[in-house]
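Descriptive structure summary
Single-letter residue listing:
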Amino acid sequence: ELNFGEEFYAIEISPSGVETIKNKRIPRLVECKLFDGYHVPYDDDRFDIAILSHVIEHVEHPRQLLYEASRVAKYVFVEVPLEDTSRLSNDFVFDKVGHINSYSPKTIRRLIQSCNLRVLSQIATNPPKGTYTYQKGRKALINYYIKQVLINVLPGLATKLFTYHGALVCQRNVS
């Protein structure tokens, strides 16, 4: 809708995911390939930007995937839920959406930096209003507005108390 990018390429770990993406008929999507979750099936420097939106929290070896993303693209965009808050349990419990890694603004930044990537920009954002109402109806808007005010007024405290989305634009370090 924003005319972002001339061509898109997608990779997915499940055959049903590949079919779902293909069936969406995304404009300018050139192809969607199946991959093993770690070895990106493209040549070095093939793309301008690799986008890992809500992926890293699901993978067992996030560094391996980040290295692969920076191998195929000069820039890497990473977005994760910032779930490492004061309310996170001390003990690991499998959740219904498959998150096996939890991040705070600091820990996702450090992970990225440990993968030979330089953080160019980092923000924490509140998910859109529609996300709240879709999940829990209009009553969830109270939660949305409380979180929105807090992230605007006290962002450091906000990300310690509530889950937000962390987005980082990164560039591969030149050796």
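First things first, this report covers the structure right here in the doc. (Residues numbered from 1 in each chain as written. Predicted model: local features only at pLDDT ≥ 70, side-chain atom pairs only at ≥ 80, totals over all residues. Heavy atoms only, no water.)

1. Thoughts on the overall build of the protein chain
Broken down by element type, the protein chain carries 6 helices and 6 strands. Seen in sequence order, the protein chain has helices and strands lined up from the N terminus as β-α-β-β-α-β-α-β-α-α-α-β. A compact globule built from 175 residues would reach a C-alpha radius of gyration of about 16 Å, and the protein chain, at 17 Å, matches this within 12%. Taking as baseline every contact in the protein chain between residues at least 6 positions apart, the subset at least 24 positions apart corresponds to 62%. Of the roughly 11400 Å² of accessible surface on the protein chain, 54% is carried by carbon and sulfur atoms. (Helix = DSSP H or I, 4+ residues; strand = E, 2+ residues; numbered from the N terminus. Rg over C-alpha atoms; globule rule 2.2 N^0.38 Å. Contact = heavy atoms within 4.5 Å. Areas by Shrake-Rupley, 256 points an atom, 1.4 Å probe, with all protein chains shown as cover.)

2. Topic: the packing of helix 4 (residues 129-136) against helix 5 (residues 140-153)
Closest axis-to-axis distance for the helix 4/helix 5 pair is 8 Å, and the angle between their directions is 150°. When the interaxial angle is binned, helix 4 and helix 5 end up roughly antiparallel. Crossing of helix 4 against helix 5: the hand is right-handed. Of the residues in helix 5, those in contact with K129, Y132, T133 and K136 of helix 4 are A140, L141, N143, Y144, Y145 and K147. Its residues placed into classes, the contact of helix 4 with helix 5 shows 5 nonpolar, 2 polar and 3 charged. (Axes fitted to C-alpha atoms, helices over the stretch in contact; angles between N-to-C directions. Parallel < 35°, antiparallel > 145°, perpendicular 65-115°, else oblique. Left-handed = near helix turned anticlockwise from the far one by under 90°. Nonpolar A, V, L, I, M, F, W, Y, C, P; charged D, E, K, R; others polar.)

3. Observations regarding the packing of aromatic side chains
As enumerated under the stated definition, the model contains 6 aromatic pairs in all. Judged by centre distance (5.0 Å) and plane angle (80°), the ring pair of Y42 and F47 falls under edge-to-face. Each member of the pair, Y42 together with F47, is buried. For the pair F92 and F94, a centre-to-centre distance of 4.9 Å together with 80° between the ring planes defines the contact as edge-to-face. An aromatic cluster of at least three residues, connected via ring pairs, comprises Y9, Y42 and F47. Between R46 and the ring centre of Y9, over which it is positioned, the NZ or CZ distance is 4.9 Å. Cation over ring: K147 sits above Y164, and NZ or CZ is 4.9 Å from the ring centre. (Phe/Tyr/Trp six-rings, centres within 6.5 Å; stacked < 30°, edge-to-face > 60°. Buried < 20%, exposed > 50% of the residue type's maximum accessible area, 1.4 Å probe, protein only. Lys NZ or Arg CZ within 6 Å of the ring centre and 35° of its normal.)

4. Some thoughts on the sheet that holds strand 6 (residues 164-172)
Read across the sheet, 4 strands follow the order 3-4-6-5 without closing on themselves; strand pairing throughout is mixed. In this open sheet, the two strands that pair with only one neighbour each are strand 3 (47-53) and strand 5 (117-125). Strand after strand, the sheet turns through a mean of 15° between neighbouring axes, direction not considered. Packed onto the sheet, helix 3 (residues 105-113) meets strand 4 (73-82), strand 5 and strand 6 and runs at close to 160° relative to strand 5. (Pairing = 2+ DSSP bridges.)

5. Remarks on the nonpolar core
Of all hydrophobic cores here, the largest spans 32 residues; its most connected members are L52, I56, L65, L66, V78, I108 and I112. At the level of secondary structure, the elements contributing two or more residues to this core comprise strand 3, helix 2 (62-72), strand 4, helix 3, strand 5, helix 5 and strand 6. The greatest single-element share of this core, amounting to 5 residues, is contributed by strand 4. Not counting residues up to four positions away in its chain, the partners in contact with I108 are V78, V80, L82, Y103, Q122 and L168. (Core = buried A, V, L, I, M, F, W, Y, C linked by side-chain atoms within 4.5 Å.)

6. Regarding a nonpolar patch on the surface
On the surface, L2, F4, I49 and I51 cluster together to form a nonpolar patch covering roughly 430 Å² of accessible area. Note on placement: I49 falls in strand 3. (Patch = residues over 30% accessible without salt bridge, like charges linked within 9 Å, V, L, I, M, F, W, Y side chains within 5 Å. Salt bridge = Lys/Arg side-chain N within 4 Å of Asp/Glu carboxyl O.)

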